[in-house]
Amino acid sequence: MIILIIATVSCLDINLTNLQFNYYSLPILANNNTYNLIVDTGNEEMWIFGKNSNRRNYFECQNCVPIENHTLEYAQGKISGFKFNQIFSLMNQSLILQVIEASKVEHFYSIIADGAIGLSRKQLSKEDNFLKKLYDSKVIDDIQFGLLLNEQNCQPTSILILGTPNKNYYINELQYVKSIESEQWTVKGKSIEIFGKNKKYELESYSQIIVFDSGISKIQISKYKLNKLIAILNENYQLNCYKETQNQINEIVCSYNEQSFPELNINIDNNITLTLLPQDYIAYCHYNYFLQHICYLNFQQIDNKDILVLGSVFLQKYYTHYDVTTQQIGIAKSIYYQRDKQSLSQLGSTYIYNDVLFFSFILVLILLIGIYFSLKLLLKQSIPLYLSVLEKSSSRSQEQEMEAITLKTQSNSQPPLTT
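Small disclaimer: the values here were computed from a predicted structure and weren't measured.

**Looking at the side chain of Asn129**
Line of reasoning, step 1. The topology assignment puts Asn129 in the loop between helix 1 (121–124) and helix 2 (130–136).
Line of reasoning, step 2. Given a relative accessible area of 2%, Asn129 falls into the buried group.
Line of reasoning, step 3. Among the polar contacts made by the side chain of Asn129, one reaches the main-chain carbonyl oxygen of Lys126 at a distance of 2.6 Å.
Line of reasoning, step 4. Apart from residues no more than four positions distant in its own chain, Asn129 is found in contact with Gln123 and Leu124.

See the structure below:
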């Protein structure tokens, strides 16, 4: 009797951690050290902060021969350094990968990850990309990957799926769209519509280039479209929106109104419409220092590029799957999606908690200042009264002493009685 043992190959799930609410990192090992790298579908390289970057956890290639000097520029900053071949361990799988040791870093102050791993279309088209290595080693069943992103912060509950899709991670069926020729995961959209109060307005009425980029947190649009979006929200929905610059990035801030914010529809073709509710594109609402109730929107301005970049706030709602072989992107609603059940006032509880702390601090400070001035006023009124009483008491004591002296003098001056 002959027994055939057939080894089955399936997908490989890697847990990702949500950092700073919108960046997702995977753990990878090298030189007995673990590095948490941002999963970046818009980046073609793998890089880690080097020894000269003033990071507690840094990468230093040991006994390596440099391949070339490389520089990468991002909206958050710029890194440069030599590229090396290094042995890494990913989910107990040993892989030789090219990595940039970022010895020179400009900005990147707010990034708490140790670097990034690129999953762009250009990177995965290379013959030695790590997906192909895992496929050739029969660790995964196809050269594909998917992203299931959870909004929960600082928890390893998000998943990078290597291989064919897992139907347990999304609702209904994946809808596939062909990626156009580009270095990134890019599709051609049909139109972008703003819909609310039974009114529809076109933000984009012709072909729109759409990029899926997990390396950025928000939704990026051109300066023209950002200004047009503000005008539509103000003229038709009375939301009093305006641009605000934070860290040299223009964002949209609007007045709080639970019922007025419209939906945003991204039409890729006749069959695929991706809808963003107000809860999806609003980051949080809170009271500012002037006690105005305002909302910060998840839109950022990019200059000189007429593209729509869908960052991780979009990918938290939609599960996306990237097929390297067929150059297609599959899209379906994520099983984690819960934002439609929240009101606008519930968004951004962490920011609201910080506001409560701030206003509590201000109230305590005002109370302490009030107590200080009250005590000062009380002392100002009490000291003259105390001095007056003291002066009267001293004067009375002097009078009593003078009376005693006078009586004694009179007693001494009287002649003795004779018998």
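The structure having been displayed, the exposition proceeds.
**So, the pattern of salt bridges**
Line of reasoning, step 1. Considering all chains together, one arrives at 14 salt bridges under this definition.
Line of reasoning, step 2. Glu44 is paired through a salt bridge with Lys122; the nearest N and O atoms lie 3.4 Å apart. In this pair, Glu44 is assigned in the loop between strand 3 (33–40) and strand 4 (47–49) and Lys122 in helix 1, connecting sequence segments 78 residues apart.
Line of reasoning, step 3. By relative accessible area, Lys122 is classed as partly exposed at 31%.
Line of reasoning, step 4. Salt-bridge contacts for Lys83 lead to Glu68; the nearest nitrogen and oxygen are separated by 3.3 Å. With Lys83 in strand 6 (residues 77–90) and Glu68 in strand 5 (residues 68–73), the pair connects residues that are 15 residues apart, well separated along the chain.

**A closer look at the environment of Trp185**
Line of reasoning, step 1. Among the structural elements, Trp185 can be located in the loop between strand 11 (170–178) and strand 12 (186–189).
Line of reasoning, step 2. From its side chain, Trp185 meets the backbone oxygen of Leu119 in a polar contact 3.0 Å long.

**Side note on the layout of surface pockets**
Line of reasoning, step 1. Within this model, the second largest pocket holds a volume of roughly 220 Å³.
Line of reasoning, step 2. Contributing to the lining of the second largest pocket are 15 residues, with Leu97, Gln98, Gln123, Asp128 and Asn129 lying nearest its centre.
Line of reasoning, step 3. For the lining of the second largest pocket, the elements supplying multiple residues, two or more each, are strand 7 (93–107), strand 8 (115–118) and helix 2.
Line of reasoning, step 4. For the lining of the second largest pocket, the element with the highest residue contribution is strand 7, accounting for three residues.
Line of reasoning, step 5. Partitioned by chemical class, the residues of the lining of the second largest pocket number five nonpolar, five polar and five charged.

**Looking at empty space enclosed by the protein**
Unoccupied space between atoms shows up once a probe the size of one water molecule is rolled over them.
Line of reasoning, step 1. Inspection of the entire model under this criterion finds one cavity of 30 Å³ or more.
Line of reasoning, step 2. Approximately 40 Å³ is the volume found for the largest cavity.
Line of reasoning, step 3. Lining the largest cavity, in full, are Ile194, Leu229, Leu233, Pro262, Glu263, Leu264, Tyr281 and Phe299.
Line of reasoning, step 4. Only helix 3 (223–237) and strand 19 (263–267) provide two or more residues apiece to the lining of the largest cavity.
Line of reasoning, step 5. The residue inventory of the lining of the largest cavity, partitioned by class, reads seven nonpolar, no polar and one charged.

**Focus on the sheet that holds strand 20 (residues 273–276)**
Line of reasoning, step 1. Here we have four strands laid out as an open sheet, ordered 14-13-19-20, and antiparallel in their pairing. Either end of the sheet is taken by a strand with one partner, and the two such strands are strand 14 (199–204) and strand 20. Shown here is a sheet whose adjacent strand axes are inclined to one another by a mean of 25°, direction ignored.
Line of reasoning, step 2. The sheet contact formed by strand 13 (residues 191–196) and strand 19 spans five bridges and is antiparallel. Bridging across to strand 19, Phe195 finds its partner in Glu263.
Line of reasoning, step 3. Packing against the sheet, helix 3 makes contact with strand 13 and strand 14, and its axis sits at approximately 165° to strand 14.

**A look at the nonpolar core**
Line of reasoning, step 1. Judged by nonpolar contacts, the single largest core of 79 residues is most densely connected at Phe130, Leu162, Phe212, Leu297 and Phe299.
Line of reasoning, step 2. The dominant element in this core, judged by the number of residues it contributes, is helix 3, at six residues.
Line of reasoning, step 3. When neighbours within four sequence positions are excluded, Phe299 is seen to be in contact with Ile219, Ile221, Leu226, Leu229, Asn250, Glu251, Ile252, Leu264 and Tyr281.
Line of reasoning, step 4. Core analysis: the next-biggest nonpolar cluster, separate from the first, contains 13 residues, Tyr23, Phe49, Ile111 and Ala116 among them.

**Quick word on the pairing of strand 2 (residues 23–30)**
Line of reasoning, step 1. Burial of strand 2 is extensive: six of the eight residues sit out of reach of the surface.
Line of reasoning, step 2. Here strand 1 (residues 12–19) folds back onto strand 2 in antiparallel fashion, the turn holding three residues, of which Gln20 has a positive phi close to 55°.
Line of reasoning, step 3. Pairing analysis gives six bridges linking strand 2 to strand 3, with the strands arranged antiparallel. Counted as the bridge partner of Leu29 is Thr34 from strand 3.
Line of reasoning, step 4. Linking two consecutive strands that pair antiparallel, namely strand 2 and strand 3, is a turn of two residues; a positive phi of about 55° is found at Asn31 within it.

Rules of the game
- Residues numbered from 1 in each chain as written.
- Predicted model: local features only at pLDDT ≥ 70, side-chain atom pairs only at ≥ 80, totals over all residues.
- Heavy atoms only, no water.
- Helix = DSSP H or I, 4+ residues; strand = E, 2+ residues; numbered from the N terminus.
- Buried < 20%, exposed > 50% of the residue type's maximum accessible area, 1.4 Å probe, protein only.
- Polar contact = N/O pair within 3.5 Å; in protein donor to acceptor, adjacent residues only side chain to side chain.
- Contact = heavy atoms within 4.5 Å.
- Salt bridge = Lys/Arg side-chain N within 4 Å of Asp/Glu carboxyl O.
- 1 Å grid on protein atoms, 1.4 Å probe; cavity = no way out; pocket = protein on both sides within 12 Å on 5 of 7 lines; lining within 4 Å.
- Points joined across faces, edges and corners; volume = space filled by probe spheres on them.
- Nonpolar A, V, L, I, M, F, W, Y, C, P; charged D, E, K, R; others polar.
- Pairing = 2+ DSSP bridges.
- Axes fitted to C-alpha atoms, helices over the stretch in contact; angles between N-to-C directions.
- Core = buried A, V, L, I, M, F, W, Y, C linked by side-chain atoms within 4.5 Å.

These values are about where atoms sit, not about what they do.
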